[in-house]
Amino acid sequence: MPTMPPNVLFIMTDQHRYDCLGCNGNAVIRTPRIDALAAESANFSLFFVQGPVCVPSRQTFFSGRYPHSHKNRVNYTAMNADVRLMQRYYQEMGYRTGFVGKLHYYPPTRGYALATGFDEGLIHDAGPTDDHSDYVAWLRGSGGWPVGCDYRRCRADRMNPHTCALPDELHETTWCGAKTREKLRVMAGSGRPFFLFSSYWKPHSPFEVPEPWASMYDNAEVRLPRRVTEQYIDALPAGLRAFATRGGGRHWEAPDEAILWQYRAYYGAISQIDREVGLTLDTLDGLGLRDETIVVFCSDHGDVMHEHGMVDKNTFFESSIHVPFMVRYPNVVRSGAYDQLTESTDVLSTLLELCGGGVPYGDEGRPLTGLIAPGLPGGSPYRERDCVFAENVIPEVIAGMDEPFEFARGEGVRGIRHPDAKMARTRRWKYNYYAGEEELYDLEADPDEMVSRADDPACAGIKRGMKDRLLDWMITSDESSQIAPRWYVVRDARGEWVDWERRHP
Ligand SMILES: [Ca+2]
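Residues numbered from 1 in each chain as written. Predicted model: local features only at pLDDT ≥ 70, side-chain atom pairs only at ≥ 80, totals over all residues.

On a plain count of helices and strands, the protein comes out with 16 helices and 18 strands. In terms of C-alpha radius of gyration, the protein reaches 22 Å, essentially the compact-globule figure of 23 Å for 505 residues. Counting only C-alpha atoms, the protein reaches 65 × 60 × 45 Å along its principal axes. Taken over 505 residues, the protein has a buried fraction of 49%. Put simply, of all contacts in the protein between residues at least 6 apart along the chain, 64% involve residues at least 24 apart. (Helix = DSSP H or I, 4+ residues; strand = E, 2+ residues; numbered from the N terminus. Rg over C-alpha atoms; globule rule 2.2 N^0.38 Å. Buried ≥ 20, exposed ≤ 12 C-beta atoms within 10 Å, placed from the backbone. Contact = placed C-beta atoms within 7 Å.)

Have a look at this one:
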């Protein structure tokens, strides 16, 4: 065992579904470097995020708390300043903490990011936050791209209609990889353990991808998702129906050719990330830090990619909530395939324990330490889950990105109470609760989740059991933060009466 705590290199992609890696069974996509990483890692095949959209999911990864507990439930609203994030724990453990790429905090500034516990970082959240993007500033200063020109612009003269007009060397994925490696070299030389969050904006839509990645899958055989009808869309719960038809879209009628090219561009974007991850792992090796560094690879949520006649995420379908998750820590974490049901709430406590820290008070996950590193001193015994949970708030989607997202108490957004959507998923069953509406899917008989059994009398007992699981979860998941700080008040070092949870050293 190393004497200094291990470093952490936490790599996250955005909107990257589980089945789009070679190591996770996709025979078309080429991801040799991530596949090799997976072979050296504990690679989880049933890992689920707790919110199928950026901010709720990312804050769950980083706080160990469910979205209804950390309360960062909507994109583009102010961060809940009460929530402590992973970087803060590492900073307090004496780590040098840094980030490169997408955080999706609001306000989306580097200054705010530093206030959450990062010592340094380069931000690239994109979209409406371009003015704060270190990548965009770098691109403007590179001389290789006209100022004010859309860096997501495509070239129409190529076979792949999603071919990015930017060359590979100026692309945001390349930038994120290169800046990660720069940070890695600087942080490795500081004589302290480091925590570095390397966060790729891709393969998130829009699907523009630079050459040579745009041409990589030109002739690849890609399986088309199953077609659905308007009747199928009409029978969905109101929130899902609003999502499927937002902005007047009829995505279930998209031509095969358009769907196939989106898949090819999505695959190309992932292969481009694979190169950057490989180069970054090479840098780690070159610095002699392979054995002293925990490497995590995961994504914040998936992409339905035209399944169920929909695009993007925001749903409880597997393609939205099932993501890659792997952890490499040579000689400590046992590599191999793990098929336990696991959640992103489990990540914070697992990483802290692997680094010699404890499980934070108020953490709602279950550390995986006892599973992947049995016998590690200070590691919690593993308690296997038989159910995972997720929840969803998507007012901006229901409102068609038409601000403000008016919320009426008891009525939701524009009459849709999607804010209350919850999911419970066991190995076999998935139960989704919307206010007044339900779905129940038999994942064994119907892995594509096409036929809800919620109204099937033969499934009434199953449905009741799944509903009970949701109720138990809602009652117990945040019991520690509801109860203990209220009855356990202490004097801190400054003599002030404070909640135990908020005490100062
Ligand atoms: Ca995201």
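For the rest of this paragraph, the subject is the packing of helix H1 (residues 32–39) against helix H10 (residues 256–286). With their axes 7 Å apart at the nearest point, H1 and H10 run at an angle of 55° to one another. By the angle between their axes, H1 is oblique relative to H10. Within the contact between the two elements, H1 uses Pro32, Arg33, Ile34 and Leu37 and H10 uses Asp274, Arg275, Val277, Gly278 and Leu281. Broken down by class, the residue content of the contact of H1 with H10 amounts to 5 nonpolar, 1 polar and 3 charged. (Axes fitted to C-alpha atoms, helices over the stretch in contact; angles between N-to-C directions. Parallel < 35°, antiparallel > 145°, perpendicular 65-115°, else oblique. Nonpolar A, V, L, I, M, F, W, Y, C, P; charged D, E, K, R; others polar.)

Reading across the sheet, the 4 strands line up as E11-E14-E15-E16 and stay open at both edges, with antiparallel pairing between neighbours. The open sheet terminates on both sides in strands that have one partner only, identified here as strand E11 (388–392) and strand E16 (437–442). Between one strand axis and the next, the sheet turns through 15° on average, direction left out of account. Bridge count between E11 and strand E14 (residues 421–425): 5 bridges; the pairing is antiparallel. (Pairing = 2+ DSSP bridges.)

Bringing the domain arrangement of the protein into the picture now. Where interface size is quoted, it is often the accessible area lost as the parts come together. Per the domain assignment, the segments making up the protein are domain 1 (7–385) and domain 2 (389–478). For domain 1 and domain 2, the distance between their C-alpha centres works out to 24 Å. Taken together, the 28 residues of domain 1 in the interface contact 26 residues of domain 2. Of all the secondary structure elements, the ones that give two or more residues to the side of domain 1 that touches domain 2 are helix H3 (67–70), helix H9 (238–244) and helix H11 (318–321). Of all the elements, H9 adds the most residues to the side of domain 1 that touches domain 2, at 4 residues. Split by residue class, the side of domain 1 that touches domain 2 holds 15 nonpolar, 8 polar and 5 charged. (Domains from an automatic or database assignment.)

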